[in-house]
Amino acid sequence: MAVIETKESKFSPGVLSMLPLFYVGWSDSVLSPSEMNMIHKQLDNLEFLTDEDRTYLIKWTDPTDPPSPEIFRNWIQAIRSHSAKIEDSKKTSLVNLGLELAQASIGYNKEEIWKSPKTRMALEEMGTALGVTTLNSQQLLLGKVQNETVDLEEKSVGFTAADMLAVLDGDNKGINDRMRKLLRDPAFANTGVQNKEEYRLEILRQCRELAKQGLSAYAFPTEYGGSAKYGEHIAVFEMLGFHDISLTIKFGVQFGLFGGAVMGLGTEKHHKKYVEALIKTDLLGCFAMTETGHGSNVKGLETTITYDSEKDELIVHTPHEKASKEYIGNALHSSMAAVFGQLIVQGENQGVHCVLVKVRDENDKVAPGVRVRDCGYKMGLNGVDNGMFWFDQVRVPRENLLDRFGTINDEGEYESKIVNPNKRFFTMLGALITGRVSVGLAGISASKSALTIAIKYGLQRRQFAPKDGMPETILMDYPSHQHRLLPKLAKTYAYHFALQALAVELVETPRDGDFRKVETKAAGLKALATWHTTETIQECREACGGKGYLDENRLSDLKADTDIFTTFEGDNTVLLQLVAKGVLTEFQKSLSENSFYGVIKFISSRLSHRIIEISPAYANNTSQDHLLDPKFHAHAFKYRKEKLVLTVSQRMRSYLGQRINPNDAYMRCQMHMLELAKAYTEELVLEEFHKAIEKVENSELKSALHNLSALYALQTIEDVKGFYLENEYFEGNKTKAIRRMIAKLNRDLRPMAGLLVDAFGIPEELLGAQIVLYN
C-alpha cells in the first residue's frame, strides 16, 4: 500500500503504526546522532514496512529538515481520527496505539502481522531508539506532549528553578532545550582521550555531527544553504560552553571565524562558491590573522598580499620568521585559510585585507609554498589543532580577495567605497565582532558550570562542628564561603543578561549598519566577562579544596580551557582601551581619524561639567531602603563613569596645553582610561540587569533577581570604594554599611543557592563532576 499524505491524513498501515512514536520523538525538535543510527537500523529490519514506507519515514529522520507544522498537524489528525475507533483500554501505550491504528485503518482481523509478538517487539525497539516508550498514549491524544527538560529541584521560595531557567533562556528556550538534549547524546560523550592527535580527530567528528544536525547553517543566509537563524547561532555557541570547550572553539573557528570571514568580508561570488561547502564541513577552513610579532595590533600585520597585474594574481608572502601566522585554530585540518595581510596594489599599501589561500590539496597534502607547524600541547584546548603558517610567494587568483570593503577591478586598480583607510579598517573588523559576543557568553557558561559544582558541593560538604557530638557545619552556612561564591553568582547572572541583550542588539543591527556602538559594548563585555570567568573558576576550585584539584571534578579542565579567553578574540586590556576611546568620543566619526588625534580633537573642543555635587545627607545615608534601592545603584555607577570621563578629559586637555605629543598624552592617561572603560561596562551590565528584572512578572522571582542585582551592584561599589571615598561620594560609615548589607544579601540568598545554580539547566552529563554526581 502506498504512503498517502493528504488533507484527509491517509497513511499506510505501516506508517500509521509508527506515527505515534515519530510524533512524540520529534516533539522536542531533536533527533540525536545515536537516535538516527538506531532508527535507520530498525527501519531496515521492519518486515511490515514497504519500500515506500521506509522512504517516507527515513525522510523524517533528517535533523536539518524536521517535519513542518503542517506535517505535524497531518500526523496528529490521522492519529486522532483513527484512534476514535479504538477502545480506550487498547490505547495504554504508544506501541499499543500504533498497532491498533494500523489494524483500524484496514479493518480488524485482515492482517495477522499486526498481532504478531515479533511486530510488537520491533515497535518497542523503535520506541527505545526514540526514547519515548514510557509516555502514555493518552498524553499524546490529549495534546499534552511537552519538550523534555532537565530535572530541576523545586524549592519553597515562591518559584522553582524551572521558572528561573525560563527567564534565563528567554526567547532561546527552544534552541537551548534542543542543545541540552543533543549534547547528552553518546555521540558527544567525553572520551577522556589525552593524546592530542586522537583528541583532535574526536572533536572534528563531533563538530561534523553538529553540522549534520543543521546547527552550522544558522549563521548563514538561506540562499547559500544556511537557515538564517543568527540569534540561535550565538545561542548554540553559548550552550556549547557547557560542554567540552575544545568543541566550542572548533565550532567557532569553522563557522564563526572562517565562515564569518567568507560571509562578512566576501561578496556574492565567494558566498556561492564556498558557503554551502563550509556549512557541511566539506570545506574546512581557518582564520589566519594573528602573527607571532603582531597579535592585538592587527593594523601592523606584516604578511603581504601583493597584486601581480601581469598574471592577475595575488602573491601571499611571509617576509620573515616572526611574521608567521600563529595560534591558528583548525590549522592542521584545514584545506583553506582566510589570511589577513597588507594589500599592495600598484606599489601602494591599501591596508589590511583578507584573502583565501588553499593550504592543502584534496589528498591533505600541504600546498606548495606553504609551511605548517603544530603548536603542540597547550595549557588547555588540546582538542583544537592550533598551528603556525608561513607563506613563500604563494599565488592565488585575484577572485580570492574577500572584497566587500575593497576590491581590485579588471583594470588592476584598487577600489573602495570607504575612502578613509582607517575607517575602512575599523569597518572590516566590525564585521567580525560576533566572535567577541560569543566568547563572552561561552565564558559565562563555564562560570555557571564552575559555580554549580562548587555550590552543590558546598551544600553537602560538612566541616567542623560547633561542639563535640554535634553535626559538622555545612560549608555554605559559613559567611566566608557565602562571600566567596554568592557575589560571583550574582555577577554571573548580571553578565548573562547583559550579554544576552547585546546578542539581540547585534542580530538586529543591519548588515550594512553602524556597528561602532555594538563594537564598544562587545569589547567591554567580552573583557570583563572573561576576566570574571577566570576569577570565578579559580575561586570555585579553591572552594572545593582538594576535590577541586582532581581531574574527575572538571574544574581543572574549565580553568585550563577558558584561561585563553582573556587574550583571544582581543586581549582584554587592549579591548578596554578601545572601549575608552569609544566612550570619550561618544562614537563620533572623529574616532575613525588617525589613531589618538580624533580622541584628542573631540575632548579638546567639547568639555562639560556633568557631575553634580553630592549632599552630606546622601553621602551618609546608610538606611537599608537606600542601600537596596536600584536608583542608588544606578546613580553610583553613572557618577563613577561620568566623573572618570571628566577627569580623563581634563588630564588630556592639560597635557595638550603643555604641547605634549598626543600619543604621549594618551600613554600618560592609559591607566586612567582603563578605569573609565571598566566603569562604562559595569554600568552597562547593571542597566541590562535592571531591564531584565522589569520584564519578570512572578513577584517572588523578581525579588530574588533584585537581591542578585543589589549584590552585584554593592559588591562592585565595595571593590572600588577607594574611588567613591576619594571623590567624597560617600563617607566611611557608608562603606561599612555596604559591607554589612553584602553580608545580609549573602545570608538571604543562601537558602536558594542550590536553586539558583539548578536554574542554569546544566545536565549532569555535561557538568561532568563526580563530587556532584555521587554526593
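See the structure above.
Not measured: the values here are computed from a predicted model.

> For this particular structure, what's the right way to read the overall build of the protein chain?
A tally of regular secondary structure across the protein chain gives 32 helices and twelve strands. The 775 residues of the protein chain split such that 56% are buried. In the structure as shown, the protein chain presents an accessible area of about 33,200 Å², 49% of it carried by carbon and sulfur atoms.

> Please explain empty space enclosed by the protein as it appears in this structure.
Unoccupied space between atoms shows up once a probe the size of one water molecule is rolled over them. Under the defined criterion, the tally for this structure stands at three cavities of 30 Å³ or more. A volume near 60 Å³ is recorded for the largest cavity. If you go around the largest cavity, the residues you meet are Leu-165, Leu-168, Asp-169, Asn-176, Arg-180, Glu-238, Met-239, Phe-242, Lys-448, His-496, Ala-759 and Phe-760. Those elements that provide at least two residues to the lining of the largest cavity are helix 8 (161-169), helix 9 (173-182) and helix 11 (230-240). Looking at the lining of the largest cavity element by element, the count peaks at three residues for helix 8. Partitioning the lining of the largest cavity into residue classes produces six nonpolar, two polar and four charged.

> Is there a simple way to think about the nonpolar core in this case?
What tends to happen in soluble globular proteins is that the nonpolar side chains get buried as a cluster. If you look at the biggest cluster of nonpolar residues, it comprises 176 residues, and the most contacted ones within it are Phe-340, Tyr-493 and Leu-705. Ranked by residue count, the leading element in this core is helix 16 (residues 479-508), at 13 residues.

> Quick question: what am I supposed to make of the sheet that holds strand 8 (residues 387-391) here?
Remark on secondary structure: sheet strands pair via backbone hydrogen bonds, oriented parallel or antiparallel. Reading across the sheet, the three strands line up as 4-8-7 and stay open at both edges, with antiparallel pairing between neighbours. Both outer strands of the open sheet, strand 4 (325-328) and strand 7 (370-374), are each paired with one neighbouring strand and no more. The sheet shows a mean angle of 20 degrees between the axes of neighbouring strands, direction not considered. Pairing analysis gives five bridges linking strand 7 to strand 8, with the strands arranged antiparallel.

> When you look at the packing of helix 11 against helix 12 (residues 245-265) in this model, what are you seeing that I'm missing?
To describe two helices that pack against each other, one gives the angle between their axes and the distance between the axes. At their nearest, the axes of helix 11 and helix 12 sit 8 Å apart, and the two run at 155 degrees to each other. Comparing the axis directions of helix 11 and helix 12 gives the class roughly antiparallel. Between helix 11 and helix 12, the residues in contact are His-233, Val-236, Phe-237 and Leu-240 and Leu-247, Thr-248, Ile-249, Phe-251 and Gly-252, respectively. When the residues that make up the contact of helix 11 with helix 12 are grouped by side-chain class, the tally is six nonpolar, three polar and no charged.

> What is the right way to read unusual backbone geometry from this model?
Both trends apply: most residues other than glycine have a negative phi, and most peptide bonds are in trans. We note that Asp-364 has phi near 70 degrees; this positive angle belongs to a residue other than glycine. In the Ramachandran plot, Gln-393 falls in the positive-phi region, its phi being about 55 degrees despite a non-glycine side chain. Here Gln-393 is to be found in the loop between strand 8 and strand 9 (394-397). According to the relative accessible area criterion, Gln-393 is partly exposed, its value standing at 44%.

> Just checking my understanding: could you explain the packing of helix 20 (residues 572-585) against helix 26 (residues 670-694) for this structure?
At their nearest, the axes of helix 20 and helix 26 sit 8 Å apart, and the two run at 80 degrees to each other. Accordingly, the angle class assigned to the pair helix 20 and helix 26 is roughly perpendicular. Between helix 20 and helix 26, the contacting residues are Thr-573, Leu-576, Gln-577, Val-579, Ala-580, Lys-581, Val-583 and Leu-584 on the first element and Gln-670, Met-673, Leu-674, Leu-676, Ala-677, Lys-678, Tyr-680 and Thr-681 on the second. Looking at the contact of helix 20 with helix 26 residue by residue, the class counts come to ten nonpolar, four polar and two charged.

> Can you walk me through the side chain of Lys-641 in this structure?
By the element assignment, Lys-641 lies in helix 24 (residues 630-657). Setting aside residues up to four positions removed in sequence, Lys-641 forms contacts with Leu-676, Ala-679, Tyr-680 and Glu-683.

> It is not clear to me how the environment of Gly-266 should be interpreted in this structure. Could you clarify?
Mapped onto the secondary structure, Gly-266 falls in the loop between helix 12 and helix 13 (268-279). For Gly-266, a relative accessible area of 2% gives the class buried. Taking the C-alpha atoms as reference, Gly-266 lies 8.9 Å from Cys-354; in sequence the two are 88 residues apart.

> Quick question: what am I supposed to make of the layout of surface pockets here?
Computed from the structure, the second largest pocket encloses a volume of approximately 1,000 Å³. Taken together, 46 residues make up the lining of the second largest pocket; nearest its centre are Phe-497, Gln-500, Ala-501, Val-504 and Glu-688. Where the lining of the second largest pocket is concerned, the elements lending two or more residues are helix 8, helix 11, helix 16, helix 17 (516-543), helix 20, helix 24 and helix 26. Taken together, the residues of the lining of the second largest pocket break down into 19 nonpolar, seven polar and 20 charged.

Basis of the calculations
Residues numbered from 1 in each chain as written. Predicted model: local features only at pLDDT ≥ 70, side-chain atom pairs only at ≥ 80, totals over all residues. Heavy atoms only, no water. Helix = DSSP H or I, 4+ residues; strand = E, 2+ residues; numbered from the N terminus. Buried < 20%, exposed > 50% of the residue type's maximum accessible area, 1.4 Å probe, protein only. Areas by Shrake-Rupley, 256 points an atom, 1.4 Å probe, with all protein chains shown as cover. 1 Å grid on protein atoms, 1.4 Å probe; cavity = no way out; pocket = protein on both sides within 12 Å on 5 of 7 lines; lining within 4 Å. Points joined across faces, edges and corners; volume = space filled by probe spheres on them. Nonpolar A, V, L, I, M, F, W, Y, C, P; charged D, E, K, R; others polar. Core = buried A, V, L, I, M, F, W, Y, C linked by side-chain atoms within 4.5 Å. Pairing = 2+ DSSP bridges. Axes fitted to C-alpha atoms, helices over the stretch in contact; angles between N-to-C directions. Parallel < 35°, antiparallel > 145°, perpendicular 65-115°, else oblique. Contact = heavy atoms within 4.5 Å.

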